[in-house]
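So the chains spell out like this:
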Amino acid sequence: MKHFSKPLSLYEIDVLHYTSVGSDKQYFVDALIMKAVAEDGEPIYSKKDEAKLLAMETSELEAMYFEMFNNELPEN
């Protein structure tokens, strides 16, 4: 599934920096849960997916993170 996102707000950037302490992996997971959407704008992940995402390789999460922000959807 291709990952998309809406642009990060300053508030969301602050939330990610203050809550995703400890590792890049946690940061990527938190960002994907917060911002990853399908092409139709529907969220892909929720908090219940956190354990599944954390079990993935950091490099895979990083690729998903960059894909998401390389495919920003316009604000409506």
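Further up the page is the structure itself.
In this report, we go over the structure that sits alongside the text. (Residues numbered from 1 in each chain as written. Predicted model: local features only at pLDDT ≥ 70, side-chain atom pairs only at ≥ 80, totals over all residues. Heavy atoms only, no water.)

**Examining helix H2 (residues 24-35)**
The periodicity of an α-helix, 3.6 residues per turn, causes residues three or four places apart in sequence to face the same way. Basically, it comes down to this: Starting at the N terminus, helices and strands are each numbered in turn, a helix being any DSSP run of H or I of at least four residues and a strand any DSSP run of E of at least two. One less than the number of residues in a helix, times 1.5 Å, gives the span that helix is expected to have. With a 1.4 Å probe rolled over the protein chains alone, any residue whose accessible area is under 20% of its type maximum counts as buried; one over 50% counts as exposed, and the rest are partly exposed. Two residues qualify as a contact provided that any one of their heavy atoms is within 4.5 Å of a heavy atom in the partner residue.
The end-to-end C-alpha separation of H2 is 16 Å, in line with the 16 Å expected for 12 residues at 1.5 Å each. Buried within H2 we find Gln26, Tyr27, Phe28, Val29, Asp30, Ala31, Leu32, Ile33 and Lys35. Against helix H1 (10-19), helix H3 (50-54) and helix H4 (58-70) lie the buried residues of H2.

**Re the nonpolar core**
So the rule is basically this: Buried Ala, Val, Leu, Ile, Met, Phe, Trp, Tyr and Cys residues form a nonpolar core when they are joined through side-chain atoms within 4.5 Å.
Residues Leu32, Tyr45, Leu53, Leu61, Met64, Tyr65 and Met68 are the most contacted members of the largest nonpolar core, which totals 16 residues. Elements that contribute at least two residues to this core include exactly H2 and H4. Looking at which element gives the most residues to this core, the answer is H2, with 6 residues. Ignoring sequence-local partners within four residues, the contact set of Leu53 consists of Val29, Ile33, Tyr45, Leu61 and Met64.

**A word on the environment of Ala38**
By the element assignment, Ala38 lies in the loop between H2 and H3. Taking the C-alpha atoms as reference, Ala38 lies 5.9 Å from His3; in sequence the two are 35 residues apart. Excluding its chain neighbours within four sequence positions, the residues that come into contact with Ala38 are Phe4, Ile44 and Leu73.

**Structural notes on the packing of H1 against H2**
We apply this condition: Every axis in this analysis is a line fitted to C-alpha atoms, fitted for helices over the stretch in contact. Angles between the N-to-C directions lie between 0 and 180 degrees. Take the far helix as your reference; a near helix turned counterclockwise from it by less than a right angle gives a left-handed crossing, and one turned clockwise gives a right-handed crossing. Here the term charged refers only to Asp, Glu, Lys and Arg, the term nonpolar to Ala, Val, Leu, Ile, Met, Phe, Trp, Tyr, Cys and Pro, and the term polar to all other amino acids, Gly among them.
Relative to each other, H1 and H2 sit at 145°, their axes nearing to 9 Å. With respect to the hand of their crossing, H1 and H2 are arranged in right-handed fashion. For the pair formed by H1 and H2, the contact residues are Glu12, Val15, Leu16, His17 and Thr19 on the first element and Tyr27, Asp30, Ala31, Met34 and Lys35 on the second. In the contact of H1 with H2, the residues fall into 5 nonpolar, 2 polar and 3 charged.

**Remarks on the pattern of salt bridges**
Let me state the cut-off plainly: Any carboxyl oxygen of Asp or Glu that lies within 4 Å of a side-chain nitrogen of Lys or Arg is treated as forming a salt bridge with it.
Overall, the coordinates contain 3 salt bridges when judged by the stated rule. One salt bridge in this structure joins Lys35 and Glu12, with 3.0 Å as the shortest N-O distance. On the criterion of sequence distance, the pair formed by Lys35 in helix H2 and Glu12 in helix H1 is long-range, its members being 23 residues apart. Grouping residues by exposure puts Lys35 and Glu12 together as buried.

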